[in-house]
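Working through the structure, step by step
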Amino acid sequence: MEKIIDENKQGESLILEAKEGNSRKLFIESYGCQMNFSDSEIVASILANEGFDTTQNLEDADLVLVNTCSIRDKAEQTVRKRLEKYNAVKRINPKMKVGVLGCMAERLKSKFLEEEKIVDLVVGPDAYKDLPNLIAEVDDGRNAVNVILSKEETYGDISPVRLNSNGVTAFVSITRGCDNMCTFCVVPFTRGRERSRDPQSIIEEVNDLWNKGFKEITLLGQNVDSYLWYGGGLKKDFEKASDMQKATAVNFAKLLELCATAQPKMRIRFSTSNPQDMTLDVIETMAKYQNICDYIHLPVQSGSNRILKEMNRQHTREEYFELIDNIRHILPDCAISQDMISGFPTETEEDHQDTLSLMEYVKYEFGFMFAYSERPGTLAERKMEDDIPNDVKKRRLNEIIQLQQKHSLYRTQQHLGKVEEVLIEKESKKSDKHWSGRNTQNTVVVFPKENYKVGDFVNVKINDCTTATLIGEAVGYSDNN
Ligand code: SAH
Ligand code: F3S
C-alpha cells in the first residue's frame, strides 16, 4: 500500500532498458505520469534513427535525457537531485551531454540553462521530433532549446520503441494536452491544448502490438473521454469543423469500440477519465465488449461542492454520485479509483468531511492521494493564498489515506472465494515461485507459477488478500488464450 502513500504514479521513476546495435549511448529516464513513460519510448524511437542505443549505465552515456514532471513541487525536487547525480558523473565523463525533456522543460524553458549549469538541452513535450537538430547544435558546442507547443503534434506517425517492456502490456497515447484548466494544475501550461490522434494510427499500433505478442493496452491521455477526431486540429476548434467532418467524427466511445473489435482478445484499459467528460455511451461500450476491462480511474479531487467550484472542476458532488450510480448499474463489477487533494486553498474541516463522506459513498478500490502543492502560473497560485498549514494538509491527507486503506481492504475481500481471469505480467516481487498479474478490475493477483508463463490468461481462485493484492491458485487456462 506504500504506492498510495508515496509520490506514487506521478513520482515513480524507471530507467529504461538497453537496446543495442547503434554507436552512441543514450541513457533515458522518466519521472511522473504514464504519458511521460510513453513519450520516452517515442524519444528513444526518434533517436534510434539517429544512431543512439539506450544504455542502463549512466556512466556509459554520451547523452543523458531526463523526462520530467512538474505536477507537484516534490516531483521537481526529485529531478533537481538527479541533475546533481549527473553532475558527479560528468566530472568523470566530461563529454556527456544532458538534456531535460517534459513538463519541467516546458515550465522553465531557457531558465533551466541558467539555473542548472549541467543542462545542455531543453526540450518541451511537443518538440521531440526536433531532437536530431537540437542534438546537432549541442554537438557543435551550443546549448539548444525548443519548447514550442503544437496544435497538431500527436506523434501518431512514430512507432515507439518498447522500452523496459514485459512484452505483455503497453501504453498507446490517444490525446495530448488538456483544456480543462483545473485551477491547481500545471498540465495545461506544460502540455498545451488538447488534440486527438488519428484513430487509424491508433488501430494500427494496437494491431502491431497484438502481432508482437502484447495482450493488454492502456489508451492514454490527460482526459481520454474528451477524445475527438474530426480530421485533425484542436478539440476547441471542433465547432468550426465542416458538417462532413462533424458527421464522421470519432468520439471516445467509438474509439473504444474500434479498438475492442480490431483485437477482440486484447485487453483494453484507458486512463484518465475526467468525470465531466465521461458519458453513458462510454460505460455502455465497456459493458458491450468483454475485452474492455472493468476499471475506471475517475479522479474527483474533493467531495465539497464549494472546493470543486474553486478547483474549476466542471461537476458537482451530486453529478459525480449520479455518474457512480450509472457505472454501478451498467457495470456492477467495475472497479473505480480516485485522485484526491487535501488542503486546497480555503478548505475547511467541513469541506474535508465532505471528501471523507464522498469516499464512504463510493468505497474506491484504491487511490492516489496528495497534499496540495502550489504550482507557479496556475490560476490557484495567482488568485488564491496557499492558506492551509502544512500540518493540517498532512493530517487531512492521512485521514483520507486511512479511509482508503479501509475501503481497499473491503474491496479486495469481495474477491475471496471467486475464480477470476488474470493476465500474467511478471514474476512476483516477493517470491520467484509466484507469478504476478492483474484481474479485469486492475487488482494485482499473485499465485504459484506451476507451468504457466508470462502472457498467459489464467483462471485463478482467490484464497487470501491484503489491502492491495489478491493471493490465489491457478485452476486452468481461461478461454481467452
Ligand atoms: N488528468 C490527469 C491528471 C494529471 S495530474 C491524468 O491523466 O491523471 C494527476 C493528479 O495529480 C491529479 O488528479 C491531482 O490529484 C494531482 N495534482 C495535480 N496538481 C496538483 C497540485 N497542484 N497539488 C497536489 N496534487 C495535484
Ligand atoms: Fe490537470 Fe484537470 Fe487536465 S487535473 S490534466 S487540468 S483535467
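Residues numbered from 1 in each chain as written. Chains lettered and ligands numbered in written order. Predicted model: local features only at pLDDT ≥ 70, side-chain atom pairs only at ≥ 80, totals over all residues. Heavy atoms only, no water.

1. Considerations on the packing of aromatic side chains
Tallied over the full model, the rule gives 9 aromatic pairs. Ring centres of Tyr 295 and Phe 366 lie 5.8 Å apart, and the angle between their planes is 20°; on these two criteria the pair is classed as stacked. Pair noted here: Tyr 295 is in strand E15 (residues 295–297) and Phe 366 is in strand E17 (residues 366–371), with a separation of 71 residues, a long-range link. An identical accessibility class is assigned to Tyr 295 and Phe 366; each is buried. A centroid spacing of 6.0 Å and a plane angle of 85° characterise the contact between Phe 366 and Phe 368, whose relative ring orientation is edge-to-face. Of the two residues, Phe 366 and Phe 368, both sit in the buried class. Grouping aromatic residues by their ring pairs yields a cluster made of Phe 184, Phe 344 and Tyr 372. When the ring centre of Phe 370 is taken as reference, the NZ or CZ atom of Arg 72 above it lies at 3.6 Å. (Phe/Tyr/Trp six-rings, centres within 6.5 Å; stacked < 30°, edge-to-face > 60°. Helix = DSSP H or I, 4+ residues; strand = E, 2+ residues; numbered from the N terminus. Buried < 20%, exposed > 50% of the residue type's maximum accessible area, 1.4 Å probe, protein only. Lys NZ or Arg CZ within 6 Å of the ring centre and 35° of its normal.)

2. Considerations on the site of ligand 1
In the vicinity of ligand 1 lie 16 residues, with Gln 222, Thr 272, Gln 301, Asp 339 and Ser 373 positioned nearest. Here an oxygen atom of ligand 1 sits 3.2 Å away from a polar atom, N or O, in the side chain of Arg 72. Taking Ser 373, its main chain carries an N or O atom lying 2.8 Å from a nitrogen atom of ligand 1. Here ligand 1 loses 92% of its free accessible area of 550 Å² to cover by the protein chains. Looking at the shell around ligand 1, the elements that each hand over two or more residues are strand E16 (335–342) and E17. Broken down by class, the residue content of the shell around ligand 1 amounts to 6 nonpolar, 6 polar and 4 charged. (Near = heavy atom within 4 Å. Polar contact = N/O pair within 3.5 Å; in protein donor to acceptor, adjacent residues only side chain to side chain. Areas by Shrake-Rupley, 256 points an atom, 1.4 Å probe, with all protein chains shown as cover. Nonpolar A, V, L, I, M, F, W, Y, C, P; charged D, E, K, R; others polar.)

3. Considerations on the domain arrangement of the protein chain
You can read the domains of the protein chain as domain 1 (2–146), domain 2 (169–413) and domain 3 (419–477). One C-alpha centre belongs to domain 1, the other to domain 2, and the line joining them spans 27 Å. Of the residues lining the interface, 22 residues belong to domain 1; the matching set on domain 2 comes to 29 residues. Contact between domain 1 and domain 2 buries roughly 2,200 Å² in total, counting both sides, with carbon and sulfur atoms accounting for 58%. Our enumeration of links across domain 1 and domain 2 arrives at 5 salt bridges. Counting the contacts that link domain 1 with domain 2 gives 8 residue pairs in polar contact (both at pLDDT 80 or more). The set of elements that each furnish at least two residues to the side of domain 1 that touches domain 2 consists of helix H1 (2–5), helix H2 (34–48), helix H3 (73–92) and helix H4 (102–108). (Domains from an automatic or database assignment. Contact = heavy atoms within 4.5 Å. Buried area = accessible area lost by both parts, 1.4 Å probe. Salt bridge = Lys/Arg side-chain N within 4 Å of Asp/Glu carboxyl O.)

4. Overview of the UniProt feature "domain: MTTase N-terminal" (unreviewed entry) in the protein chain
Under the UniProt annotation, the feature "domain: MTTase N-terminal" (unreviewed entry) is placed at residues 24–140. As annotated, residues 24–140 comprises 48% helix and 21% strand, and the C-alpha atoms at either end are separated by 16 Å. (UniProt positions renumbered as here; feature names shortened; annotations may be inferred.)

5. Some details on the sheet that holds strand E11 (residues 216–220)
Strand order in this open sheet of 3 strands is E8-E11-E14, and the pairing throughout is parallel. Looking at which strands have only one partner, the edges of the open sheet turn out to be strand E8 (169–173) and strand E14 (267–271). Direction aside, the axes of adjacent strands within the sheet are offset by 25° on average. Pairing of E11 with E14, which is carried by 5 bridges, proceeds in the parallel orientation. What sits directly across from Leu 220, in E14, is Ser 271. Packing against the sheet, H2 makes contact with E8, E11 and E14, and its axis sits at approximately 90° to E8. (Pairing = 2+ DSSP bridges. Axes fitted to C-alpha atoms, helices over the stretch in contact; angles between N-to-C directions.)

6. Section: the pattern of salt bridges
By the definition in use, this model includes 42 salt bridges. As a salt-bridge pair, Lys 212 and Asp 208 come within 2.8 Å of each other at their nearest N and O atoms. Overall, Lys 212 belongs to the exposed group, its relative accessible area being 54%. Judged by relative accessible area, Asp 208 falls into the partly exposed class, the value being 30%.

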